[in-house]
Amino acid sequence: MREAAGQMHRYPDGDAFYLKRALAARLGVEPGQILPGNGSNEIIELLGHVFLSPDTGIVAGDRAFVVYRLVAAASRAEVVAVPMPNYTHDLDAMARAVKPSTRIVFIGNPNNPTGTLVGQEAVDRFMANVPDHAVVCFDEAYIDLLPPERRPDVLQYVRAGRNVVVLRTFSKLYGLAGLRIGYAVAPPEAVRLMNRVRQPFNVNAMAMAAALAAMEDHAFVERTRALVREGLETLEGGFARLGLPCVPSAANFVLVEVKRGREVFEALQRRGVVVRPMDGYGLPDHVRITVGTAKENARCLRALREVLADR
Ligand SMILES: *Cc1c(COP(=O)(O)O)cnc(C)c1O
């Protein structure tokens, strides 16, 4: 990034040549199957621009990432919200919920804010049953935090020419959230359509330089995975000692049941600890707590203990 800083008077490469080449080689797909975005959130929006309109709809879990719903609303598309037993996507029910008017099925895997993962078997059965007229979007923002054996292989379906879009990001494992860079792996035809509605320089030059460097920074990746794994154990252990039920997480955050979540959110914030209230997700008794450094995790648990003792 320091090297790239000297070139910031120039426009970025609007075709992201080097980044697409590096990602394609890493993932075993063609550069024409990659679409870099200003965060993968931009790509969720591009999917909406390309595929959604008032006579169409999406299928998503009822505790799924809120952006899917927002993008559908922006196009006045219908949202079919499928219940998530045990906070987990029910892929069989989602396949059944697809209608002729459905254009996108969104599957956050792991899902935010629940942290739950659906495995290979459920994914394969879903892919065998879902009608092919709807785009299946696997949003894998957190997938590379998991060890390889826990990650379902969904890229095989893109390679096989299925109507599948996989979203990945440099915001989570690689710690580059402030730069805004993510990407889609998708059929060439879908990439072409999204290229027509995106801005010509949607991804900035600093972000591309950082992403290329980050892909080679294996030591950082290993350190981050370990930090998240240990942090999850600390938090989940701490919640258990406080008698708070939580949803076992495959991501870098935990959904924890504290009762009257907004009150806890506000009281923690007064102590300088910021968590997410979950009433917007229909979970007024929960908050979502993200793993930090060992010191931050300890401070969070301490603050939480005080807040709960106070009420
Ligand atoms: C964080 C996140 C993203 C990606 O965010 P960007 O920073 O825009 O790449 C996408 N989906 C989910 C479910 C997320 O939690």
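### Describing empty space enclosed by the protein
Regions of empty space are outlined by a rolling probe, equal in size to a water molecule, passed over the atoms.
Moving on, step 1. The full count for this structure, using the stated rule, is one cavity of 30 Å³ or more.
Moving on, step 2. Size it by volume and the largest cavity reaches roughly 70 Å³.
Moving on, step 3. When the residues that make up the lining of the largest cavity are grouped by side-chain class, the tally is six nonpolar, three polar and four charged.

### Here we look at helix H4 (residues 66-74)
Moving on, step 1. Three or more residues of H4 are buried, namely Val67, Tyr68, Val71 and Ala72. Each buried residue of H4 lies within a common arc of 140 degrees when the element is viewed along its axis, so the set occupies one face. In H4, the exposed positions that point more than 90 degrees away from the buried face belong to Leu70 and Ala74.
Moving on, step 2. Packed against the buried residues of H4 are helix H3 (40-51), strand S2 (57-61), strand S3 (78-82), strand S4 (102-108) and strand S5 (135-139).
Moving on, step 3. Backbone geometry just after H4 places Arg76 at a positive phi near 50 degrees.

### Describing the packing of helix H10 (residues 218-241) against helix H12 (residues 294-309)
Moving on, step 1. At a minimum axis separation of 10 Å, H10 and H12 run at an interaxial angle of 15 degrees. What the angle tells us is that H10 and H12 run roughly parallel. Helix-helix and strand crossings are classified by hand; for H10 and H12 the assignment is right-handed. Mapping the contact onto sequence places Gly231, Thr234, Leu235, Gly238 and Phe239 in H10 and Asn297, Leu301 and Leu304 in H12.
Moving on, step 2. Across the contact of H10 with H12, the residue classes break down as four nonpolar, four polar and no charged.

### A word on the nonpolar core
Moving on, step 1. Ranked by internal contacts, the top residues of the largest apolar core, which has 77 residues, are Phe126 and Phe170.
Moving on, step 2. Taken together, domain 1 (2-214) and domain 2 (218-310) each give at least three residues to this core, which thus spans both.
Moving on, step 3. Not counting the four nearest positions on each side in its chain, Phe126 is found in contact with Leu91, Met94, Ala95, Val105, Ile107, Val136 and Phe138.
Moving on, step 4. Formed by 32 residues, the second largest nonpolar core is a distinct cluster that contains Leu47, Val67, Val71 and Leu167.

Cut-offs applied
Note on numbering: residues in each chain are counted from 1, in written sequence order. The predicted nature of this model means local features are confined to residues of pLDDT at least 70 and side-chain atom pairs, given and counted, to a pLDDT of 80 or more, with totals for whole chains, interfaces and linings taken over all residues. Each side-chain value is derived from all of the structure's non-hydrogen atoms; neither hydrogens nor water enter the calculation. As defined here, a cavity is a set of points on a 1 Å grid over the protein atoms alone where a 1.4 Å probe fits but cannot get out. A pocket is an open set with protein on both sides within 12 Å along at least five of seven lines, and residues line them when an atom is within 4 Å of a point. Grid points are joined across faces, edges and corners, and a volume is the space filled by probe spheres set on the points. Residues were grouped as follows: Ala, Val, Leu, Ile, Met, Phe, Trp, Tyr, Cys and Pro as nonpolar; Asp, Glu, Lys and Arg as charged; and all remaining residues, including Gly, as polar. Residue exposure (1.4 Å probe, protein chains only): buried if accessible area is under 20% of the type maximum, exposed if over 50%, otherwise partly exposed. Only DSSP runs of H or I with at least four residues qualify as helices, and only runs of E with at least two residues qualify as strands; both kinds are numbered from the N terminus onward. The arc refers to the directions leading from the helix axis to the C-beta atoms. Should any heavy atoms of two residues lie within 4.5 Å, those residues are counted as being in contact. To get an axis, fit a line to the C-alpha atoms, keeping to the stretch in contact for a helix; angles then go from 0 to 180 degrees between the N-to-C directions. Put simply, angles under 35 degrees are roughly parallel, angles over 145 are roughly antiparallel, angles from 65 to 115 are roughly perpendicular, and the rest are oblique. When the near helix sits turned anticlockwise from the far one by under a right angle, the crossing is termed left-handed; a clockwise turn instead gives a right-handed crossing. Definition used in this section: a nonpolar core is a set of buried Ala, Val, Leu, Ile, Met, Phe, Trp, Tyr and Cys residues joined via side-chain atoms within 4.5 Å. All the domain ranges listed were derived from an automatic or database domain assignment.

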